[in-house]
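Residues per chain are reported as follows:
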Amino acid sequence: MTFSTHHQRKTLYRCGFVQLATLAVVAIAMVSQPVRAGGGTIVVKGVTIHVGNGEVIDNGVVVIRDGRIAQVGANLAIPPGAKVIELSGGSLTPGLIDANAALEPTNRMMVDRRNARQVVADLFHGDHKDHKHEAVGCCGSKCSRQLQHASGEKCKQCGFPDTLPMAVGVRRSAMTVEHSSEVIPQTHVIDSVNLRSPDFDRLVGGGVTTVFVAPDSAAVISSQGAIVRTAGPLNARIVRETDAVMAAMGTDPSWRGFGNRQPCRQFVNFYNRRPTTRMGVAWVFRKAMYDTERFEKGAVVYGADAPTEPAMKELRHVLSGEIPLRIQARMQHDILAALRLADEFGLKFTLIEATEAHRCLDELKKAKTPVVYGPVYIDAPGMRRYSSEVDHARLHTLKELLRAGIPTALTANELRDEDGLARQAMYARRFGVSLADVTRCVTETPAKLLGIADEVGTVTSGKRADLVLWNGEPFDGSSKPIVVIAGGEIVVDRRKG
Amino acid sequence: MPFLHRTSHMLLAVAVIAGALSGAVLAQHSQHAPKAIVVDRYVTPDGTISDKRIITLSNGKIAALLPHAEIADKTGVAYYSGAVACPGLIDVRSSMGAYGNTVESAFSVDPSVSAIDSFDPDHRDFRRAVESGITAALIAPSPTNLVAGACAVVKTGGASTGRAGSVLRDDGPLVFGFGPRTWRYDRAPTSRIGAMAMLRSVLGEAKSGSQHARLQSLASGKLDAMLYCSDAMDVGTALRSVGKLAAHTSIIHTSDVYDLTEELAGTKATMIVGPYSFSMSQRTLSMAGVLASAGIDVALAGQMPTRGGHSLRQTAALAVRYGMDSAKARQAITINAAKAAGVSDRVGAIRPGMDADLVIFSGDPLRMDSRVLAVYIDGIRVYSADQHLTMSAGGQR
Amino acid sequence: MNRRLSIQTIIIALGAAFVVAPALASPPAKIALKGGRIIPVVGEDIPVGTVLIEHGKIKAVGKDVEIPYDAMVIDISGKVVMPGMIDAHSSRGLDIRNENLDVTPFLDVYDAIDPSKLYFEDALRDGVTSIHAIVGNNCVIGGLSRVIHPIGITPDEMTQQPSVSLKLSVSPQRGSDRMAQLATFRETFRELGEYLENLAEKKYEESLEKKDEKIKVGPDEAKKLGKDLIKPEDYDDKHRNLVKLTRGQLGAFVYAGRAGDVAAAASLAKEHGFFKRTTLVLGASCYKAIDEVKSANRPVVLDSKLLYREENPITGKITETFIPRVYADAGVAFSLLPSSNTSLAERYLNYQAARCVRNGVSRQAALEAITINPARALGIGDRFGSIETGKTANLVVMSGDPLDFSSWVDLVYINGIRAYERDDDIRLKQLLGEEKPEVAEPAKDEKGNGEAAGDKAAKADTDSAEDKSEETSEKAEKKKE
């Protein structure tokens, strides 16, 4: 996965828009920050280094200089004047990388938690803000079928959950997905990313230093994601403004967000559209790609599901492979559908979530499809619990994927803090993955999948000093990140208390 | 020496006044269009209160500012003893006098909309505005669209009683909406990323010359922009997208841009804050002060007619209560508001050459116990407390 | 959860077999767990040692324990044996958590325990050997609780200790407020006093009637004189448990949901005479009342939510407090609860303890919080909660250190009976992919990928072999009966 010319061109084109401005802006912010010992040398010594590629260095020493890893090895000499971090019994891993993190786009609604149900209702039915809490019912007055489903279930028509879901999920689908079309690769998740969001603090507190900000799965061909650092000066946070287009198989595109529906006893609007079924999903995907191919040849595209012109301009680059493609699929037949569609248009893609990957290992292996697997669960977290796609979740899927030799990264998606990526790795260990393998799944492999492996992902001299120091074996129940170093700066320090 | 000095001033004053009185058209209703106004103190362009006391008017403009003097010919001179003259207040976040709805919701990019088209000069909002000392208002199309249209700036009173006066600008700043209020569930965009993708393509088209003329002139830096934002993130986005193209940028946001103070200080943008009310949190109420002390131009808004006419002064008073410098607060409701509306060459300060839009308060305009004694627009008295005995302090009926 | 049921119902038939069967089988008289690391919780760890079980009791613990010739020796070298974990407060085994009535001291969870709940199977799998079955927090005065173990097919079989405590809650019920909550308490105890006086008067009158005497004293005097005539069986169902409570004959689990409720809980208990038997069940924010908790000096059971997150309303900054750390630093002995939510990890008591260690609580305090502390709070500390000679043989053998999340519960002994063995846990195997799903997948067309096909066939073979062995072992068990 190389950094294509397309991206460079795009970045130049858009640099004025967000990035340069951010640069200028945050340059100011940087100046105002207290000058830390950034220029100085930091040495971490006396720890077990889990390099990330499977190697382990006992009693290791890491020398960090100018934000980079200068030296790694056992029992190295400590340069004079260096700031020494020593932790007996501790261990060191590269900063964790979540290859499919769902960010909370803004922290705005956290404040409204007490009234969360109303907020959710507002988001689902934008013009009914004057409803009383109770009057919203299961899906607001817009839904004519609200009496037709039992309490505790989501409304079959608009997807509004009867019980308040985890706010994370709702915020995601309501704010990071453009609902006006099912094919929206021209939208960029980075526009929704609030670099000042406390979400980043939570991520970095859990040892995650780089994330791929995942687009939501509420559209068949959704937005372009971004690669973002979770700590460090704001002007250097964005690694790649746009990275990959995400598509989704299964039922998510039909019910998430405002939900598609059939035109029945209500106003006709643009939610009366495909897909409302799995077949519809495949159709919309296929038509988008087909239309793009025709559009490139100068033909006129038409039809109810035809993608918009800006969308096709982006899809062109997806078809030519310049923009990487990710497809989220959970169930076995969705994974197979993704493989089939990709084969049809000669696309290479990364499989996301892959809850039932253990049931189609051979096909994945044959197609050489890398996987970003996760999260591991028995009872599905977040909005997934309203999906019917989680019944066959198993605990050994990651083990099986690795055994089959499929390059697999592990993700925690929207889970944070103690529930975050480190815990996912902890689960993986419990369910049969070795420490070396699981370390690779959250460091080196995602770095390779995201094409940033020459910069981060292992504890190797020359790479960016994104490191996590644990007060025990990494990914163990009784250890947690004690010190997190990002770009040579200590950004989390829990050594006192 | 002091005596001499004062004498010379007095002589000068008498001379000027005499000249003005004799030369000009001595109107039959000199009460309504005085030649000079004598007050105790007045609000200077830098927001402080100075003790110059005579303001002479000529052809609806301010002719000169003079220290106190005995005026020989007292015809056509309005006396307000103990009063403070203030530039007419300006509300930059209002929809007053806009007849009907100002949401043109069919398209989210609609630069051709002009607020002036729904301006109703006979609307009773204007009388209420005048009574509370507001002499000019910016009328904006509702910011529920990405590009909502052009603002108008009008005077709230004029020669005929109870009617709004002249239009200062009919092609005012272009309004852009950011944040959730521009997302609707029934038309694009429905989300932040959708809105940004749309705005990117619109601005791209404007730069390449294939968009509406207003957007084109904005993209080439010839038009002001007024950006309505919902949260701090919107402010950042707005500043970086439209803000760096427009000739002058005003950002409307009230609650929490503390994080962006430095970013804002690096630009010439005006922050429009308010309205404030007593029920707001301390964090919100102290924002105007924080922004002002960071060197950012702050204009305060009263949101007539949603809030009452008192709202503008109350906002300024609360801003001062929560840390804003009082001189800056006075500027924020006069000259800075005029800058945001793009009319600072005509209104917003008591300075020779400016329009004679004056409010005579019984005390400091920031004090809530000061009341409006008289309002002059274009040198004509459009309101006098003597003739409105039912009026309570602050101009509220 | 509902969705899971379809799988669960299928498995339950299989699961029930291994849950139930051991309970009915009579235990070998003597068992020696040999060669493992022993964590007795009370006392020093023994790196390699033996636990000798005799007739369901721990006969001996130590490095060099002489193993009787007739003992069944189980080699657990490389493994760790620890006391069975104790869940100090759980309503998950009940059919519903709370009654609709406010004041229900006459209820007993005995009637609500549903032995067929999958929860018990899970508890066993997670190494929990004692469960304090108690009504939920949504009550004023709940029913009687009891300590049960997760094996057995009737509540009687499951019971370790009946009538442990009454549940009280000073935090408001759903839909109610604090004033109403405490007013209900006042009314209840006032009514109790009235009832006792009337009963005394009645008893006095009856005693005189027996003697055919006429009442010569006034009602006040009669009430005093009749007091001693009341026998325990005279109380009616509605008041019996309350009388016991106020006389300190019953424990009290008092729930305080917020910091402000702690003082109310303590004063309520003091006022009505059950303070000495009180255990405080504390909600997350109660750590803020740590001084009051400390001065109360009563056992504490903490909510399963161990991390308290609070947003500063002015700055928007979020602060996090690790709750057990506050209690540990103040020297308050606390018990941990497993979480009943969807999380994969927090439902393990040993993981809850590991979290404590991770956040700076000492290892010893963390282990005590899941074993001996709850045992003491329940008044069964003399029988359960540690590996000491004479105690009941409720033991858990883990594949590694209990605080290491990758360790599994390998064996569970309850009353010296082997109640759980991981090798026989079919549901777990299925989740871990070690067992074929209940419905065989249709064979896939491998298209010349002979090796993979061969692998699959081989796997299927072993699976079916396992199935068979499972069956045979079950049959064997039944024959034993």
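These numbers were taken from a predicted model, which means no experiment stands behind them.

A. Region of interest: the overall build of chain B. Check the secondary structure of chain B and you find eleven helices and 20 strands. Taken over 397 residues, chain B has a buried fraction of 57%. Considering only contacts in chain B between residues 6 or more positions apart, those separated by 24 or more positions represent 67%.

B. Representation of the overall build of chain C. Tallying secondary structure elements over chain C gives 14 helices and 20 strands in all. Counting the 481 residues in chain C, one finds 42% classified as buried. In chain C, of all internal contacts separated by at least 6 residues, the share reaching a separation of at least 24 is 66%.

C. Representation of helix H3 (residues 192-207) of chain B. All names here are of chain B. For H3, which comprises 16 residues, the first-to-last C-alpha distance of 22 Å matches the rise-based estimate of 22 Å (1.5 Å per residue) to within 8%. Of all 16 residues in H3, twelve are buried, a share of seventy percent or more. When we look at burial in H3, the residues that qualify are Arg192, Ile193, Gly194, Ala195, Met196, Ala197, Met198, Leu199, Arg200, Val202, Leu203 and Ala206.

D. Geometry of the nonpolar core. Formed by 368 residues in total, the largest nonpolar core has its most connected members in Ala85 and Phe176 of chain B. Sequence-distant contacts of Phe176 of chain B, defined by excluding residues within four places in its chain, comprise Leu146, Val147, Ala148, Ala225, Leu227, Tyr228, Ala238 and Val242 of chain B.

E. Expanded view of helix H2 (residues 118-125) of chain C. Residue and element names in this part refer to chain C. Counting buried positions over the eight residues of H2 gives six, a clear majority of the element. For H2, the complete set of buried residues consists of Leu118, Phe120, Glu121, Ala123, Leu124 and Arg125. Looking one or two places after H2, you find Gly127, whose phi comes out positive at around 85°.

F. Here's a closer look at the domain arrangement of chain B. Residue and element names in this part refer to chain B. For chain B, the domain assignment lists domain 1 (2-86 + 352-395) and domain 2 (89-341). With 20 residues of domain 1 at the interface, the matching set in domain 2 holds 27 residues. Mapped onto the side of domain 1 that touches domain 2, the elements with two or more residues apiece are strand S19 (372-377) and strand S20 (380-384). In terms of residue class, the side of domain 1 that touches domain 2 is built from 13 nonpolar, four polar and three charged.

G. Local environment of the sheet that holds strand S9 (residues 226-229) of chain A. Residues and elements named next belong to chain A. Strand order in this open sheet of four strands is S6-S7-S9-S10, and the pairing throughout is mixed. Two strands in the sheet have a free side with no partner beyond their single neighbour: strand S6 (96-101) and strand S10 (238-240). Averaged over all pairs of adjacent strands, the angle between their axes in this sheet comes to 25°, without regard to strand direction. Of the strand pairs in this sheet, S6 and strand S7 (residues 208-213) are connected by four bridges, and their pairing is parallel. Bridging from a neighbouring strand, Asp98 pairs with Val211 of S7.

H. Highlighting the packing of helix H6 (residues 278-296) of chain A against helix H8 (residues 332-345) of chain A. Residues and elements named next belong to chain A. Interaxial distance between H6 and H8 falls to 11 Å at its minimum, and their mutual angle equals 15°. Between H6 and H8, the crossing angle belongs to the class labelled roughly parallel. Note on packing geometry: the crossing formed by H6 with H8 is right-handed. Within the contact between the two elements, H6 uses Ala282, Phe285, Arg286 and Met289 and H8 uses Ala337, Leu341 and Phe345. Here the residues of the contact of H6 with H8 are counted per class, giving six nonpolar, no polar and one charged.

I. Examining the sheet that holds strand S6 (residues 77-79) of chain B more closely. Residues and elements named next belong to chain B. The mixed open sheet is built from four strands, whose spatial order is S5-S4-S1-S6. Only two strands of the sheet have a single partner each, and these edge strands are strand S5 (61-66) and S6. In this sheet, neighbouring strand axes are inclined to one another by 20° on average, regardless of whether the strands run parallel or antiparallel. The pairing of strand S4 (residues 54-58) with S5 spans five bridges and is antiparallel. Note that in S5 the partner of Ile55 across the bridge is Leu65.

J. How the structure looks around the environment of Gly248 of chain C. Mapping Gly248 of chain C onto the fold places it in the loop between helix H6 (237-246) and strand S12 (251-256). Not counting residues up to four positions away in its chain, the partners in contact with Gly248 of chain C are Gly273, Phe274, Lys276 and Arg277 of chain C.

K. View of unusual backbone geometry. Residues and elements named next belong to chain A. Cis geometry is found at the peptide bond from Arg274 to Pro275, where omega equals -5°. Checked against the element boundaries, Pro275 lands in the loop between helix H5 (252-255) and H6. At Asp417, a residue that is not glycine, the phi angle is positive and equals roughly 55°. Assignment of secondary structure puts Asp417 in the loop between strand S15 (408-410) and helix H11 (421-430). For Asp417, a count of 14 C-beta atoms within 10 Å translates into the label partly exposed. Not every positive phi belongs to a glycine, and Phe475 is a case in point at roughly 60°. Along the polypeptide, Phe475 turns up in the loop between strand S16 (467-470) and strand S17 (481-486). Owing to 29 C-beta atoms within 10 Å, Phe475 belongs among the buried residues under this scheme.

L. Highlighting the pairing of strand S20 (residues 417-421) of chain C. Residue and element names in this part refer to chain C. In this sheet, S20 lies alongside strand S19 (residues 409-414) in antiparallel orientation, the contact comprising four bridges. Bridge pairing in S20 links Ile414 to Ile417. Taken together, S19 and the strand that follows it, S20, pair antiparallel across an intervening segment of two residues, in which Asn415 is found at a positive phi of about 50°.

M. Layout of the packing of helix H4 (residues 178-210) of chain C against helix H5 (residues 219-226) of chain C. All names here are of chain C. Two elements in contact, H4 and H5, have axes whose closest approach is 7 Å; the angle formed by their N-to-C orientations is 85°. Taken together, the axes of H4 and H5 lie roughly perpendicular to each other. Contact residues: H4 offers Glu197, Ala200, Glu201, Lys203, Tyr204 and Glu205, while H5 offers Pro219, Ala222, Lys223, Leu225 and Gly226. Broken down by class, the residue content of the contact of H4 with H5 amounts to five nonpolar, one polar and five charged.

Scoring rules and cut-offs
Residues numbered from 1 in each chain as written. Chains lettered and ligands numbered in written order. Predicted model: local features only at pLDDT ≥ 70, side-chain atom pairs only at ≥ 80, totals over all residues. Helix = DSSP H or I, 4+ residues; strand = E, 2+ residues; numbered from the N terminus. Buried ≥ 20, exposed ≤ 12 C-beta atoms within 10 Å, placed from the backbone. Contact = placed C-beta atoms within 7 Å. Expected span 1.5 Å × (residues − 1). Core = buried A, V, L, I, M, F, W, Y, C linked by C-beta atoms within 7 Å. Domains from an automatic or database assignment. Nonpolar A, V, L, I, M, F, W, Y, C, P; charged D, E, K, R; others polar. Pairing = 2+ DSSP bridges. Axes fitted to C-alpha atoms, helices over the stretch in contact; angles between N-to-C directions. Parallel < 35°, antiparallel > 145°, perpendicular 65-115°, else oblique. Left-handed = near helix turned anticlockwise from the far one by under 90°.

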